[in-house]
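# Fold and geometry: a report
These are the residues of each chain, in order.
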Amino acid sequence: LISVIRSGVLKELELLVLNLNDIGDDSANLLAAEILNGALPKLKELSIYGNARLSSRGLDELGMACKERRVGLITEEAGG
């Protein structure tokens, strides 16, 4: 995913849904860095719930990056 983001093909992406994957803290940190670097300039919302390997530390990193870039972060399933 990170190499695709870095390629620039997702620069128009507004919603990124990564729910119920096997994302851990290392991947979250890489994604947070790409968000901060502006690799997804039109991103408005990131949904990332249901990733059991993602700890509060990884979520905090994503949260800070999303806040900085004004991206909404969804960490729980709607209605859950």
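All of the points below concern the structure found in this document. Worth saying up front: this structure is predicted, and the values here are computed from it rather than measured.

Cut-offs and rules
- Residues numbered from 1 in each chain as written.
- Predicted model: local features only at pLDDT ≥ 70, side-chain atom pairs only at ≥ 80, totals over all residues.
- Heavy atoms only, no water.
- Pairing = 2+ DSSP bridges.
- Helix = DSSP H or I, 4+ residues; strand = E, 2+ residues; numbered from the N terminus.
- Axes fitted to C-alpha atoms, helices over the stretch in contact; angles between N-to-C directions.
- Expected span 1.5 Å × (residues − 1).
- Buried < 20%, exposed > 50% of the residue type's maximum accessible area, 1.4 Å probe, protein only.
- Arc of directions from axis to C-beta.
- Contact = heavy atoms within 4.5 Å.
- Polar contact = N/O pair within 3.5 Å; in protein donor to acceptor, adjacent residues only side chain to side chain.

### Some thoughts on the sheet that holds strand β1 (residues 15-17)
- Pairing within the open sheet is parallel, and its 3 strands lie in the order β1-β2-β3. Looking at the sheet topology across the chains shown, the edges are occupied by β1 and β3 (72-74). The average undirected angle you get between the axes of adjacent strands in this sheet is 10°.
- By the bridge criterion, 3 bridges tie strand β2 (residues 45-47) to β3 in an arrangement that is parallel. Considered in β3, the bridge of E45 is made with G72.

### Here's the deal with helix α3 (residues 56-69)
- Across its 14 residues, α3 extends 20 Å between first and last C-alpha, which sits within 8% of the 20 Å expected from 1.5 Å per residue.
- Among the residues making up α3, those that are buried are G58, L62, A65 and C66. Projected down its long axis, α3 carries its buried residues within an arc of 100°, all on one side. More than 90 degrees from the buried face of α3, the exposed residues found are S56, R57, M64, K67 and E68.
- Contacts made by the buried residues of α3 are with α2 (25-36), β2 and β3.
- Two or three places before R57, at the start of α3, stands the capping residue S55, its side-chain oxygen 3.2 Å from that residue's backbone nitrogen.
- Directly after α3, the chain includes R70, whose backbone phi takes a positive value near 60°.

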